[in-house]
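Chains, contacts and geometry: an overview
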Amino acid sequence: MSLPGATLLVVMAIFAIVGALITVWARRPLRAAMGLLVHIVALAGLFLTLHAQLMAVLQLLVYAGAVVVLFVFVIMLIGPAAEVGPIEGRVLPRALSIAMVGVTVAAVATGIAHFEGEWGDVPEGFGTVEGLGMAIYKQAAVPFEIISVTLLVAIVGAIAIARSRQE
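Below is a summary of the structure that appears in this document. (Residues numbered from 1 in each chain as written. Predicted model: local features only at pLDDT ≥ 70, side-chain atom pairs only at ≥ 80, totals over all residues. Heavy atoms only, no water.)

Regarding the overall build of the chain
Tallying secondary structure elements over the chain gives 6 helices and 0 strands in all. The globule rule puts the C-alpha radius of gyration for 167 residues at 15 Å, and the 21 Å found for the chain is more than 25% above it. Over its C-alpha atoms, taken along the principal directions, the chain stretches across nearly 55 × 50 × 30 Å. Within the chain, the fraction of its 167 residues that count as buried is 14%. When the accessible surface of the chain is totalled, it reaches about 13000 Å², and 74% of it is carbon and sulfur. Between the mean site of the 8 positive side-chain charges and the mean site of the 9 negative ones, the chain shows a separation of 21 Å. (Helix = DSSP H or I, 4+ residues; strand = E, 2+ residues; numbered from the N terminus. Rg over C-alpha atoms; globule rule 2.2 N^0.38 Å. Buried < 20%, exposed > 50% of the residue type's maximum accessible area, 1.4 Å probe, protein only. Areas by Shrake-Rupley, 256 points an atom, 1.4 Å probe, with all protein chains shown as cover. Lys, Arg positive; Asp, Glu negative; His and termini not counted. Charge placed at Lys NZ, Arg CZ, Asp CG, Glu CD.)

What to know about the packing of aromatic side chains
Aromatic ring pairs: the centre-centre distance and the angle between the two ring planes describe each pair. Summed over the entire model, instances satisfying the criterion amount to 1 aromatic pair. Between Y137 and F144, the aromatic rings sit 5.2 Å apart at their centres with planes inclined by 80°, giving edge-to-face as the arrangement. (Phe/Tyr/Trp six-rings, centres within 6.5 Å; stacked < 30°, edge-to-face > 60°.)

Looking at unusual backbone geometry
One non-glycine residue, H51, lies in the positive phi region at around 65°. Among the secondary structure elements, H51 is positioned in the loop between α2 (29–49) and α3 (53–78). On the basis of relative accessibility, which here comes to 47%, the residue H51 falls in the partly exposed class.

Points about helix α1 (residues 3–25)
A rise of 1.5 Å per residue sets the reference length of α1, with its 23 residues, at 33 Å; its end C-alpha atoms lie 33 Å apart and thus fit the reference within 8%. Residues of α1 that are buried include every one of G5, M12, A16 and G19, and no others. Against the buried residues of α1 lie α2. (Expected span 1.5 Å × (residues − 1). Contact = heavy atoms within 4.5 Å.)

Some remarks on the side chain of T49
Mapped onto the elements, T49 comes out in helix α2. Polar side-chain contacts of T49 include one of 2.5 Å to the backbone oxygen of L46. Once residues lying within four places of it in the same chain are set aside, the contact partners of T49 are M1, G5, L8 and L9. (Polar contact = N/O pair within 3.5 Å; in protein donor to acceptor, adjacent residues only side chain to side chain.)

Overview of the side chain of Q59
Note that Q59 resides in helix α3. Excluding its chain neighbours within four sequence positions, the residues that come into contact with Q59 are I40, L43, A44, F47 and A64.

Below is the structure:
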């Protein structure tokens, strides 16, 4: 990895951690939503370090462009000045949560630390629109079509249920 790539990785990782912490610790919902936005943009930057340009763009379009906007819209309906109060008397759930996070981090860290295999080369076109198109439409055409038909049936079913309730 080149120096600019390594620098981008470190900077985006720091932004992702800071954005996640702001999202979790913010008392005001609007600040939490802005922390989520910072985290999502940092994840898009991390996708760029993996040479997955399409995933970075989709991350920005879907999550930053739609999900965060939806969250901000709901926050504005509720009232942006709403504040989350402290949770008192719930020590056991907090302790269990911290223990589970610690166990998960330790398991992942030990799994990564003992990796002895060779890293494979990234294939040509990995993460690009053309690479994804070839994977979906040439190598995995049948599963892609099954998923699209399933989604179509779900949409038609949702419309049928919505119409039957109105009449």
